[in-house]
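Here is what each chain is made of, one letter per residue.
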Amino acid sequence: MKKRFLAFLLAVSIAVSMLVMPASAAGSNAAVQAAVALGGMTTEQSAQLDSPLTRGQLARLLTAFSSYRESVAAQGSTGTLFSDVNGASAYGPYIRVAVQQSWLSGYLDGSFRPDNAVTLEEACTAVLKLLGYDVTALSGTFPAAQLNKASSLGLRSSISASQGSTLTLAEGAQLVYNALTASTSDGQVYGSTIGFTVTDGQIDVSSIVMVDLQGPFVAGADTILPFVPASIYRNDSVVSSADLSACDVYYYSESARTLWVYSRKAAGRITAVSPTASAPTAVTVAGTTYTIGSSSAAATLSSLNGGGVGQVVTLLLGMNDEVVSALTGDEADALFYGVVQSSSRSLTEENGADVQQEVSVMCTDGTARTVHVDKSLNYVAGTLVEVSVTADGESVEKLESRSTSGTISDDASALVSTPLAENAEILDTTSEGVAGTVVPSRLSGVTLSDSDVRYYTTNENGQIDRLILSNVTGDLYTYGVLDDVKNLTTTVGDKVDSKVKSSLTDTDNSTTTTTTATASKSDGQIISDVKDIVLPTTSEILWGIVDGSIGSTLWQSLTSSTGSLASYLLNLAADNTSGAVSSVLSWVAKGATYSCYVDGKAVSYQTSVKYPVLAGGIAVSTSPSGTVKSMVQLVPISIDKLGAASAMSGSKRYELADDMQVYLWYKGQYYATTLSQVNAEDYHLIGWYDSLGCAAGGKIRVLIAVKNG
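Here the structure is a predicted model, which is why all the values come from computation and not from measurement.

Calculation notes
Residues numbered from 1 in each chain as written. Predicted model: local features only at pLDDT ≥ 70, side-chain atom pairs only at ≥ 80, totals over all residues. Heavy atoms only, no water. Helix = DSSP H or I, 4+ residues; strand = E, 2+ residues; numbered from the N terminus. Buried < 20%, exposed > 50% of the residue type's maximum accessible area, 1.4 Å probe, protein only. Core = buried A, V, L, I, M, F, W, Y, C linked by side-chain atoms within 4.5 Å. Contact = heavy atoms within 4.5 Å. Pairing = 2+ DSSP bridges. Axes fitted to C-alpha atoms, helices over the stretch in contact; angles between N-to-C directions. Polar contact = N/O pair within 3.5 Å; in protein donor to acceptor, adjacent residues only side chain to side chain. Patch = residues over 30% accessible without salt bridge, like charges linked within 9 Å, V, L, I, M, F, W, Y side chains within 5 Å. Areas by Shrake-Rupley, 256 points an atom, 1.4 Å probe, with all protein chains shown as cover. Salt bridge = Lys/Arg side-chain N within 4 Å of Asp/Glu carboxyl O. Lys, Arg positive; Asp, Glu negative; His and termini not counted. Charge placed at Lys NZ, Arg CZ, Asp CG, Glu CD.

*Asks:* Report on the environment of glutamine 174, specifying residues and quantitative values.
*Replies:* Structurally, the position occupied by glutamine 174 is in helix H7 (residues 169–179). Given the relative accessible area of 15%, glutamine 174 is considered buried. With 18 residues separating them along the chain, glutamine 174 and arginine 156 place their C-alpha atoms 8.3 Å apart.

Rendered as structure tokens:
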């Protein structure tokens with residue numbers, strides 16, 4: 001009975017506490033970036049990573065990640081290689097190298113079949129040959145021998161495909177990328193044998209790609225590049241256009257046919273320089289300190305030339321946010337848009353005692369800027385603002401919302417008929433001021449309502465160049481798993497009012513309670529009324545999902561504010577002013593410590609109230625300072641099929657979040673693992689997806705694996 005009463009307490013906390021959200025968003029795929037930079041795939045292919053890997057594409061990847069990547073062009077375009085691959089074929093030179101080196105071979109009928117899809121075992125066999133292994137001498141038979149050897153070398157890391165499965169282009173890039181840190185047949189680290197720098201098992205791709213890096217340069221209105229780049233990055237994201245705008249900072253590697261462009265700026269009044277005013281190597285603007293990366297910028301900011309503290313500047317930033325150039329005067333004018341994250345007032349004594357106010361704004365370019373504003377103004381976290389920088393100084397103005405609606409195109413190039421600028425800046429925000437940048441592809445095919453769009457601007461070409469959203473992605477939450485609920489029940493039991501405890505039996509086997517026929521309900525009757533509400537353990541919940549006894553509909557009813565419980569509690573409150581109800585309400589109103597795992601690490605959240613979370617995946621909403629605003633339960637599904645980017649539960653497909661966390665559950669303990677280490681054949685898989693009303697949400701954020709048997 002005590003167990004059931006504790007369940008009632010938790011259910012009551014569920015019934016009276018439903019609130020808001022947050023955490024952050026998007027990153028780049030190192031394997032794909034390396035493949036594009038080395039010529040293993042085109043930028044167009046990098047936008048179609050879920051497409052099947054073909055034999056022609058595999059030949060190109062193998063060559064790009066070999067010592068032949070620079071000499072492949074010398075293969076020329078003459079002669080017929082195979083009956084279906086002539087010398088003019090786009091994959092011809094790569095196929096010739098791959099066949100000459102015996103990484104791949106043709107068929108007995110004289111064909112190569114470059115468009116055939118590649119299975120996991122076929123790709124692993126080719127990469128093992130790339131590493132110098134004799135695949136015929138491995139212990140065992142094909143394909144188990146090749147797959148086991150690939151696993152032992154780490155080649156299958158971050159690849160979820162199993163035997164017989166067709167690889168995606170993304171998985172093909174990951175496979176050859178993993179080879180860089182694998183051991184060759186003679187015991188060397190493969191990457192180091194082809195000129196890469198390997199440190200602590202990590203590959204420095206830039207050691208090859210940037211060997212002849214030119215720059216930084218600042219683009220003018222009519223800048224023309226000395227070559228046509230094959231790979232283009234803008235602000236570290238892959239793009240297709242090499243067009244340069246005035247004040248863009250750019251670098252290039254002609255041998256790698258790669259262009260890097262940066263349009264990031266920092267603007268405002270200089271508040272500090274170091275180590276000296278006359279020879280600065282670092283400068284602080286808008287609350288952020290930047291390293292000065294060019295002699296021309298250092299000269300502009302030097303006190304010897306009238307620069308330094310108090311000067312209003314716009315800094316043009318390049319790689320690693322280093323200052324490449326500093327604009328002053330009218331050239332320094334700049335506008336930024338964003339959301340207030342915090343504001344504070346403090347004492348200043350520069351010209352006698354006074355109060356100054358600082359406002360921190362997260363801007364659409366992903367930079368948090370700190371601006372000094374009038375001490376009498378109020379800027380609440382979450383407020384939309386415009387930050388203006390002119391030769392006279394900096395200012396912050398509140399913005400009225402400017403919304404629009406419609407569907408983002410599948411290629412993320414337009415919102416309905418209005419095109420998105422290729423360097424469009426997108427910021428997702430919450431009402432508490434939590435914010436994170438979003439890459440356009442994250443919104444592919446998403447329909448936005450007026451309430452989803454807080455503000456947008458367009459450039460001179462009528463393209464949307466800035467877009468501020470209202471919690472559209474769901475990526476602003478912190479996701480994790482709640483530790484075993486048994487720990488929580490013990491804590492709760494210790495907190496229950498002693499008068500309530502006295503009405504309970506000490507065993508869980510008691511099934512009856514004594515009630516008193518009075519106008520108001522006794523403690524015992526309250527317990528009897530909810531005797532069927534039982535708090536399960538995490539194991540019981542997980543197996544309930546696996547065997548189907550707990551479906552998503554039932555789960556949502558368990559973890560939402562049920563009308564019956566809320567109604568019962570309110571009616572009860574009308575008849576009682578003390579006793580059990582008083583204890584229940586008192587317990588609900590108090591805070592708690594939630595033990596969770598977030599990104600594989602144990603984390604504790606101290607809250608001022610209790611939240612409706614039971615077990616498994618949860619979403620935690622915080623303020624910009626990290627204070628918990630709410631906790632929300634994720635919805636579980638039993639997964640039948642698992643891919644690299646999606647999962648199937650019955651006939652329904654769910655997308656996997658880019659930063660999805662994977663855990664193995666065993667004997668009451670979570671163990672962080674990776675997607676490549678689990679599958680739907682050997683494990684019961686439970687996905688926890690966000691059902692939070694976010695237009696681009698609904699992704700599996702947490703995956704829990706329970707080994708069969």
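*Asks:* A description of the nonpolar core should follow, citing residues and the corresponding values.
*Replies:* Core analysis: the largest hydrophobic core is formed by 67 residues, its most contacted members being Leu62, Phe65 and Leu155. Of all the elements, helix H5 (residues 120–130) adds the most residues to this core, at seven residues. Once residues within four sequence positions are removed from consideration, phenylalanine 65 is found in contact with Ala34, Ala35, Leu38, Leu130, Val176, Tyr177, Leu180, Tyr190 and Ile194.

*Asks:* Can you break down the sheet that holds strand S13 (residues 312–317) residue by residue, with the values?
*Replies:* An order of S12-S11-S10-S13-S14 is seen for the five strands of this open sheet, with the pairing classed as antiparallel. Where the open sheet ends on each side, the last strands, each with one partner, are strand S12 (288–291) and strand S14 (323–327). With direction set aside, neighbouring strand axes in the sheet form an average angle of 45°. Pairing analysis gives four bridges linking S13 to S14, with the strands arranged antiparallel. Residue pairing for S14: leucine 315 is matched across the bridge by alanine 326.

*Asks:* Give a description of the side chain of aspartate 365 that names residues and reports values.
*Replies:* Secondary-structure assignment places aspartate 365 in the loop between strand S16 (354–363) and strand S17 (368–373). Judged by relative accessible area, aspartate 365 falls into the buried class, the value being 17%. Here the side chain of aspartate 365 touches threonine 367 through a polar contact of 3.0 Å, landing on its backbone nitrogen. A polar contact is formed between the side chain of aspartate 365 and the side chain of arginine 369, at a distance of 2.9 Å. Other than its neighbours up to four places away in sequence, aspartate 365 contacts Lys265, Phe336, Glu425 and Thr437.

*Asks:* Can you tell me about the pairing of strand S37 (residues 683–689), naming the residues and giving the values?
*Replies:* With six of seven residues buried, S37 lies mostly within the body of the structure. When S37 meets strand S38 (residues 700–707), the two strands line up antiparallel, connected through seven bridges. Its bridge partner lying in S38, tryptophan 688 is registered against valine 702.

*Asks:* Could you give an account of a negative patch on the surface, with specific residues and numbers?
*Replies:* Where like charges cluster on the molecular surface, the negative patch consists of Asp330, Glu331, Asp333 and Asp392. On the basis of relative accessibility, which here comes to 56%, the residue glutamate 331 falls in the exposed class.

*Asks:* Can you tell me about the pattern of salt bridges, naming the residues and giving the values?
*Replies:* All chains considered together, the criterion is met by 12 salt bridges. Ionic pairing is found between arginine 466 and aspartate 465, a salt bridge with its closest N-O pair at 3.9 Å. Aspartate 475 serves as the salt-bridge partner of arginine 701, at 2.7 Å between the closest nitrogen and oxygen. Taken together, the residues span a long stretch of sequence, with arginine 701 in strand S38 and aspartate 475 in the loop between strand S26 (464–470) and strand S27 (478–482) at a distance of 226 residues. With a relative accessible area of 8%, aspartate 475 lands in the buried category. Overlapping salt bridges, with partners in common, bring together Arg442, Asp475, Asp690 and Arg701 in one network.

*Asks:* Tell me about helix H6 (residues 144–152), and name the residues and values.
*Replies:* Among all positions of H6, only Ala145, Gln146, Leu147 and Ala150 are buried. The elements touched by buried residues of H6 are H5. Once H6 ends, the next one or two residues include glycine 154, with phi positive near 85°.

Coordinates in, geometry out; function isn't part of it.
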